[in-house]
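Next come the chains, spelled out residue by residue.
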Amino acid sequence: MTRRRIWVAGHKGMVGSALTRCLEKRGDEVLKADRSVVDLRNQIAVEVWLKQNRPDAILFAAAKVGGIYANDTFPAEFIYDNLAIETNIIHSAHAADVNRLVFLGSSCIYPKFAPQPIKEESLLTGPLEPTNEWYAIAKIAGIKLCQAYRKQYGRRYISVMPCNLYGTHDNFDLTTSHVLPALIRKFHEAKIAGGKRVVVWGTGAPLREFLHVDDLARGVVFCLDNYDEYQHINCGAGSEISIAGLARTVARAVGFNGELVFDTTKPDGTPRKLMDSSRILELGWKPEISLEEGIADSYRWFLAHEEDLPMRYGKSVA
Ligand code: GDP
């Protein structure tokens, strides 16, 4: 197999670092552009860097991401940063004659009440979930950018939609994190402090689909090698769990034996977002890491890095 030069945009994030590990394992050269060198929201900086470096392909994992609270609280950054990063990278890729790009979206692009499991064709068939519509609109624009450059210029740009992700290099800051790392941190701190109760946001009823980021990385690299269609493609775990069920599973993995308290003043978000991933499954990718194994892996990573993680909002135990 020939060694390719691939730019992982957003290589420091959870998805970007998993993609980097996956590509380096198979012998590809990974190009990295640090934020101090290229601010991806700056059009000129991106265009210059891409023309100088001309990778064989781009894996597009750069994004402003966050959990339900951050999405709902900082709508301007979520829509502006993501739109800017997408227009800059996708347009500059074309300008630099980079012919292959894999854009990463999110299952929140689908309508709040889309029929489940959600097929790719459900895109733009109904209203979005309001807590993350800003991010979702930007991600939909990213898919459309890829389709537009494919349609007009024949660029081989594709889009992959992951479900909720978790794993190594996750964000454990409680105001910006997603639910799974938040629960690992809350249960761990309660266990250490001898806390009796842990607060879980919302009713516990929403259903979510969780995929370990290493499975996603294999899926994205699989699509880079095997998928070249106008239609975006789902990449999910294929099973769902309620937030209450997830909380019990994480509590068990961490060794917290106290009580769960559901704070119903916090939003539930979308009731359910299980994707139909038959397309990618039929092509030959499948997830390999069970939720239990994945949570154990994430907890080990958290313990190994606890001291270095930004915990700027203080401890989670009341
Ligand atoms: P979403 O999938 O875009 O809604 O993103 P999240 O991962 O942030 O939230 C998923 C669900 O978990 C929502 O129903 C949240 O209210 C719920 N949840 C429960 N506890 C927490 C928590 O401590 N942090 C976060 N982010 N979500 C939580």
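Our structure is the block above this text.
These numbers come from a predicted model, not from an experiment.

(A) Structural view of the pattern of salt bridges. Taken as a whole, this structure holds 25 salt bridges when the rule is applied. A salt bridge links Asp28 to Arg4, with the nearest nitrogen and oxygen atoms 3.1 Å apart. Of this pair, Asp28 sits in the loop between helix 1 (14-25) and strand 2 (29-31) while Arg4 sits in the segment before strand 1 (5-9), placing them 24 residues apart in sequence. When the shortest N-O distance is used, the salt bridge between Asp215 and Arg218 registers 2.8 Å. On the criterion of helical spacing, the pair formed by Asp215 and Arg218 is a turn pair, its members being three residues apart in helix 7 (residues 213-226). For Arg218, a relative accessible area of 27% corresponds to the partly exposed category. Because the salt bridges share partners, they merge into one network encompassing Arg4, Arg26, Asp28 and Asp225.

(B) A look at helix 8 (residues 243-254). For helix 8, spanning 12 residues, the distance from its first C-alpha to its last is 16 Å, which sits close to the expected 16 Å at 1.5 Å a residue. Here helix 8 lies mainly inside the structure; nine of its 12 residues are buried. Taken together, the buried positions of helix 8 are occupied by Ile243, Ala244, Gly245, Leu246, Ala247, Thr249, Val250, Ala251 and Val254. Backbone geometry just downstream of helix 8 places Gly255 in the positive-phi region, at approximately 90°.

(C) View of helix 4 (residues 75-95). With 21 residues, helix 4 should cover 30 Å at 1.5 Å per step; its first-to-last C-alpha distance of 30 Å lies within 8% of that length. Taken together, the buried positions of helix 4 are occupied by Phe78, Asp81, Asn82, Ala84, Ile85, Glu86, Asn88, Ile89, Ile90, Ser92, Ala93 and His94. A positive backbone phi angle near 65° is found at Asp97, which sits one or two residues after helix 4.

(D) Representation of the packing of helix 1 against helix 7 in the model. Relative orientation of the contacting elements helix 1 and helix 7 amounts to 60°, with a least axis distance of 9 Å. Comparing the axis directions of helix 1 and helix 7 gives the class oblique. In this structure, helix 1 crosses over helix 7, and the sense of that crossing is right-handed. Seen from helix 1, the contacting residues are Met14, Val15, Ala18, Leu19, Arg21, Cys22 and Leu23; seen from helix 7, they are Val213, Asp214, Leu216, Ala217, Arg218, Val220 and Val221.

(E) Region of the structure containing the site of the ligand. Close to the ligand lie 17 residues; Ile68, Lys186, Arg208, Pro267 and Asp268 are nearest. A distance of 3.0 Å is found between a nitrogen atom of the ligand and a backbone nitrogen or oxygen belonging to Ser177. At 2.9 Å, a backbone N or O of Trp201 approaches a nitrogen atom of the ligand. Elements with a contribution of two residues or more to the shell around the ligand: helix 6 (179-193) and strand 7 (197-201). With three residues, helix 6 is the single largest residue contributor to the shell around the ligand. The residue makeup of the shell around the ligand, split by class, is eight nonpolar, five polar and four charged.

Thresholds applied
- Residues numbered from 1 in each chain as written.
- Predicted model: local features only at pLDDT ≥ 70, side-chain atom pairs only at ≥ 80, totals over all residues.
- Heavy atoms only, no water.
- Salt bridge = Lys/Arg side-chain N within 4 Å of Asp/Glu carboxyl O.
- Helix = DSSP H or I, 4+ residues; strand = E, 2+ residues; numbered from the N terminus.
- Buried < 20%, exposed > 50% of the residue type's maximum accessible area, 1.4 Å probe, protein only.
- Expected span 1.5 Å × (residues − 1).
- Axes fitted to C-alpha atoms, helices over the stretch in contact; angles between N-to-C directions.
- Parallel < 35°, antiparallel > 145°, perpendicular 65-115°, else oblique.
- Left-handed = near helix turned anticlockwise from the far one by under 90°.
- Contact = heavy atoms within 4.5 Å.
- Near = heavy atom within 4 Å.
- Polar contact = N/O pair within 3.5 Å; in protein donor to acceptor, adjacent residues only side chain to side chain.
- Nonpolar A, V, L, I, M, F, W, Y, C, P; charged D, E, K, R; others polar.

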